[in-house]
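Listed below, chain by chain, are the residues.
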Amino acid sequence: MDNDTDLRFALQIAGAELAETPPPSDSPLGMLRLFAAANPGVTLTRGHVRQALAGTLGLRSDRP
């Protein structure tokens, strides 16, 4: 078994699956990915994750 197969099996046991495509841009993970791409110098924090889960994460950082 190669690593990809092992990972897929482990995820299946956990009730998840490995996505073949990027997450939708309106999903929390999609919003975090867009934010990170628009703000390459910003380190993502728990606050960013909370905002993404709440649907309030904008694309621009509040840092100068």
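Scroll up to find the structure.
The structure displayed is predicted, hence computed values, not measured ones. (Residues numbered from 1 in each chain as written. Predicted model: local features only at pLDDT ≥ 70, side-chain atom pairs only at ≥ 80, totals over all residues. Heavy atoms only, no water.)

**Describing the overall build of the chain**
Then, number 1: A tally of helices and strands in the chain yields three helices and zero strands.
Then, number 2: Sequence-ordered secondary structure for the chain, helices as α and strands as β, is α-α-α.
Then, number 3: The globule rule puts the C-alpha radius of gyration for 64 residues at 11 Å, and the 15 Å found for the chain is more than 25% above it.
Then, number 4: Projected onto the principal axes, the alpha-carbon positions of the chain cover approximately 50 × 25 × 20 Å.
Then, number 5: The buried share of the chain, taken over its 64 residues, is 17%.
Then, number 6: Looking at the chain alone, contacts between residues at least 24 apart form 21% of all its contacts between residues at least 6 apart.
Then, number 7: Approximately 5,100 Å² of the chain is accessible, and the part contributed by carbon and sulfur atoms is 57%. (Helix = DSSP H or I, 4+ residues; strand = E, 2+ residues; numbered from the N terminus. Rg over C-alpha atoms; globule rule 2.2 N^0.38 Å. Buried < 20%, exposed > 50% of the residue type's maximum accessible area, 1.4 Å probe, protein only. Contact = heavy atoms within 4.5 Å. Areas by Shrake-Rupley, 256 points an atom, 1.4 Å probe, with all protein chains shown as cover.)

**Some remarks on the packing of helix H2 (residues 28-38) against helix H3 (residues 46-54)**
Then, number 1: At a minimum axis separation of 8 Å, H2 and H3 run at an interaxial angle of 130 degrees. Between H2 and H3, the angle is such that the two are oblique. Crossing angle aside, the handedness with which H2 passes H3 is right-handed. In this structure, H2 contributes Pro28, Met31, Leu32 and Phe35 to the contact, and H3 contributes His48, Val49, Ala52 and Leu53. (Axes fitted to C-alpha atoms, helices over the stretch in contact; angles between N-to-C directions. Parallel < 35°, antiparallel > 145°, perpendicular 65-115°, else oblique. Left-handed = near helix turned anticlockwise from the far one by under 90°.)

**Some points on the pattern of salt bridges**
Then, number 1: Applying the stated criterion across every chain yields a total of two salt bridges.
Then, number 2: In this structure, Arg8 engages Asp4 in a salt bridge whose closest nitrogen and oxygen atoms are separated by 3.2 Å. Of this pair, Arg8 and Asp4 both sit in helix H1 (residues 3-13), separated by four residues, roughly a single helical turn.
Then, number 3: Taking the relative accessible area as the measure of exposure, Arg8 reaches 33% and is therefore partly exposed.
Then, number 4: Here Arg8 ties to Glu20 by a salt bridge, and the two come within 2.6 Å at their closest N and O atoms. (Salt bridge = Lys/Arg side-chain N within 4 Å of Asp/Glu carboxyl O.)

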